[in-house]
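# Report on the structure
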Amino acid sequence: MTHLAVPPVVEVTDSRFDEQVLSSPLPVLLDVWAPWCVPCRGMEPVIEELASSLSGRVRVAKLNLDRSPEAAARLRIQGVPTVIVFKGGHEVARMIGARGKADLLRALAGVA
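Scoring rules and cut-offs
- Along each chain, residue indices are assigned from 1 in the same order as the chain's sequence is written.
- Only residues with pLDDT of at least 70 get local features here, since the model is predicted, and only at 80 or more are side-chain atom pairs given and counted; chain-wide, interface and lining totals rely on the full set of residues.
- Excluded from the side-chain calculations are hydrogens and water; all other atoms, namely the structure's heavy atoms, are used.
- Under the scheme applied here, a residue whose accessible area is under 20% of the maximum for its type counts as buried, over 50% as exposed, and between as partly exposed, the area being computed with a 1.4 Å probe on protein chains only.
- Strands are runs of DSSP state E lasting at least 2 residues, helices are runs of H or I lasting at least 4, and numbering of each runs from the N terminus.
- DSSP-based pairing: two strands are paired if at least 2 bridges between them are found.
- If the strands point away from the viewer and the path from the first strand over the helix to the second runs clockwise, then the crossover is right-handed.
- Orientation is described by lines fitted to C-alpha atoms, with helices fitted over the stretch in contact, and by angles between N-to-C directions that extend from 0 to 180 degrees.
- We call two residues in contact whenever any of their non-hydrogen atoms come within 4.5 Å of each other.
- Small angles under 35 degrees read as roughly parallel and large ones over 145 as roughly antiparallel, with 65 to 115 read as roughly perpendicular and the rest as oblique.
- Should the near helix be turned anticlockwise from the far one by less than a right angle, the crossing is left-handed, and should it be turned clockwise, the crossing is right-handed.
- Classes in brief: Ala, Val, Leu, Ile, Met, Phe, Trp, Tyr, Cys and Pro nonpolar; Asp, Glu, Lys and Arg charged; the others, Gly included, polar.
- As used in this structure description, the phrase polar contact means that two N or O atoms lie within 3.5 Å; if the pair is within protein, one of them must be able to donate a hydrogen and the other to accept it, and residues adjacent in sequence are counted only when both atoms belong to side chains.

Strand β3 (residues 59-64) sits mainly inside the fold: 5 of its 6 residues count as buried. Pairing of strand β1 (residues 9-12) with β3 involves 4 bridges; the strand directions are parallel. Counterpart to Glu 11 in the pairing with β3 is Lys 62. Two strands pair when backbone bridges link them, and strand β2 (residues 28-33) and β3 are joined in this way by 6 bridges, in the parallel orientation. Across the sheet, the residue bridging to Trp 33 is Asn 64, located in β3. Chirality of the crossover, the property in question, places the unit of β2, helix α2 (residues 38-53) and β3 among those that are right-handed.

Here it is, written out as C-alpha coordinates:
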(Lines give C-alpha, C1' and ligand atoms only; values in the text may rest on other atoms or scores of the structure.)
Protein backbone atom coordinates (compact mmCIF):
# COMPACT_ATOMS: atom_id res chain seq x y z
CA MET A 1 0.00 0.00 0.00
CA THR A 2 1.36 3.41 -0.92
CA HIS A 3 0.79 6.44 1.21
CA LEU A 4 0.75 9.94 -0.14
CA ALA A 5 3.50 12.02 1.36
CA VAL A 6 2.13 14.82 3.49
CA PRO A 7 4.23 17.97 3.36
CA PRO A 8 5.83 18.22 6.79
CA VAL A 9 5.55 22.03 6.99
CA VAL A 10 2.05 23.42 6.45
CA GLU A 11 1.76 26.74 4.60
CA VAL A 12 -0.82 28.82 6.49
CA THR A 13 -2.80 31.56 4.75
CA ASP A 14 -5.27 34.22 5.88
CA SER A 15 -8.22 32.19 4.61
CA ARG A 16 -7.17 28.96 6.33
CA PHE A 17 -5.57 30.29 9.54
CA ASP A 18 -8.44 29.28 11.84
CA GLU A 19 -8.68 25.81 10.30
CA GLN A 20 -4.94 25.10 10.15
CA VAL A 21 -3.85 26.66 13.44
CA LEU A 22 -6.68 27.41 15.86
CA SER A 23 -8.72 24.27 15.10
CA SER A 24 -5.74 21.91 14.86
CA PRO A 25 -6.11 18.75 16.96
CA LEU A 26 -2.32 18.85 17.42
CA PRO A 27 -0.25 21.58 19.05
CA VAL A 28 1.03 24.01 16.40
CA LEU A 29 4.46 25.56 16.06
CA LEU A 30 3.83 28.57 13.80
CA ASP A 31 6.80 30.26 12.15
CA VAL A 32 5.86 33.78 11.00
CA TRP A 33 8.38 34.82 8.37
CA ALA A 34 8.97 37.00 5.31
CA PRO A 35 10.91 36.27 2.10
CA TRP A 36 13.09 39.36 2.58
CA CYS A 37 14.05 38.36 6.15
CA VAL A 38 17.55 36.84 6.23
CA PRO A 39 17.25 35.40 9.79
CA CYS A 40 13.92 33.82 8.74
CA ARG A 41 15.59 32.00 5.88
CA GLY A 42 18.35 30.91 8.26
CA MET A 43 15.77 29.21 10.48
CA GLU A 44 14.24 27.20 7.60
CA PRO A 45 16.41 24.08 8.05
CA VAL A 46 15.59 23.94 11.78
CA ILE A 47 11.86 24.38 11.13
CA GLU A 48 11.93 21.62 8.49
CA GLU A 49 13.89 19.30 10.80
CA LEU A 50 11.37 19.82 13.61
CA ALA A 51 8.48 19.20 11.23
CA SER A 52 9.99 15.88 10.27
CA SER A 53 11.02 14.76 13.76
CA LEU A 54 7.75 15.85 15.43
CA SER A 55 5.44 14.59 12.68
CA GLY A 56 2.21 13.23 14.16
CA ARG A 57 2.78 15.03 17.49
CA VAL A 58 3.05 18.69 16.45
CA ARG A 59 1.86 20.53 13.34
CA VAL A 60 4.68 22.73 12.12
CA ALA A 61 3.39 25.63 10.04
CA LYS A 62 4.70 28.74 8.31
CA LEU A 63 2.86 32.01 7.78
CA ASN A 64 4.27 34.37 5.14
CA LEU A 65 3.81 37.86 6.60
CA ASP A 66 3.63 39.46 3.14
CA ARG A 67 1.04 37.02 1.74
CA SER A 68 -1.16 36.83 4.86
CA PRO A 69 -1.31 40.31 6.39
CA GLU A 70 -4.69 39.72 8.07
CA ALA A 71 -3.47 36.74 10.10
CA ALA A 72 -0.25 38.59 10.94
CA ALA A 73 -2.28 41.57 12.19
CA ARG A 74 -4.53 39.28 14.29
CA LEU A 75 -1.38 37.84 15.87
CA ARG A 76 0.02 41.35 16.48
CA ILE A 77 3.30 40.47 14.77
CA GLN A 78 5.84 43.23 15.38
CA GLY A 79 8.93 41.61 13.92
CA VAL A 80 10.08 38.53 12.07
CA PRO A 81 10.95 35.84 12.61
CA THR A 82 8.33 35.23 15.28
CA VAL A 83 7.54 31.70 16.43
CA ILE A 84 4.28 31.07 18.27
CA VAL A 85 3.16 27.82 19.89
CA PHE A 86 -0.59 27.11 20.00
CA LYS A 87 -2.39 24.39 21.91
CA GLY A 88 -6.15 23.97 21.75
CA GLY A 89 -6.44 27.16 19.71
CA HIS A 90 -4.65 29.29 22.32
CA GLU A 91 -1.21 30.85 22.22
CA VAL A 92 1.01 29.26 24.88
CA ALA A 93 4.46 30.59 23.91
CA ARG A 94 5.96 33.29 21.68
CA MET A 95 9.54 33.98 20.65
CA ILE A 96 10.70 36.92 18.55
CA GLY A 97 13.96 36.72 16.66
CA ALA A 98 15.95 33.85 15.20
CA ARG A 99 16.02 30.82 17.47
CA GLY A 100 17.80 27.50 17.43
CA LYS A 101 16.38 24.02 17.75
CA ALA A 102 16.90 23.85 21.54
CA ASP A 103 14.88 27.06 22.11
CA LEU A 104 12.05 25.81 19.91
CA LEU A 105 11.95 22.43 21.66
CA ARG A 106 11.83 24.20 25.05
CA ALA A 107 8.85 26.24 23.82
CA LEU A 108 7.11 22.97 22.92
CA ALA A 109 7.87 21.30 26.27
CA GLY A 110 4.66 20.28 27.94
CA VAL A 111 2.50 20.63 24.82
CA ALA A 112 3.99 18.03 22.46
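As summarised here, the arrangement of the 5 strands in space is β1-β3-β2-β4-β5, forming an open sheet in which the pairing is mixed. Looking at which strands have only one partner, the edges of the open sheet turn out to be β1 and β5 (90-96). Direction aside, neighbouring strands of the sheet carry axes that sit 25 degrees apart on average. Sitting on the sheet, α2 touches β1, β2, β3 and β4 (82-87), and the angle it makes with β3 is about 155 degrees. Of the strands in this sheet, β2, β4 and β5 are in contact with helix α4 (residues 101-108), which crosses β5 at around 160 degrees.

Here we take up the packing of α2 against α4. α4 packs onto α2 with a crossing angle of 45 degrees between their chain directions and a minimal axis gap of 10 Å. When the axes of α2 and α4 are compared, the pair comes out oblique. In terms of crossing hand, the pair formed by α2 and α4 is right-handed. Of α4, the residues touching α2 (which contributes Met 43, Val 46, Ile 47, Glu 49 and Leu 50) are Lys 101, Leu 104 and Leu 105. Looking at the contact of α2 with α4, its residues break down into 6 nonpolar, no polar and 2 charged.

This part takes up the side chain of Lys 62. Along the chain, Lys 62 turns up in strand β3. There is a polar contact of 3.0 Å between the side chain of Lys 62 and the side chain of Asp 31. With residues up to four places along the chain from it excluded, the contact list for Lys 62 reads Val 9, Val 10, Glu 11, Val 12, Leu 30, Asp 31, Trp 33, Glu 44 and Ile 47.

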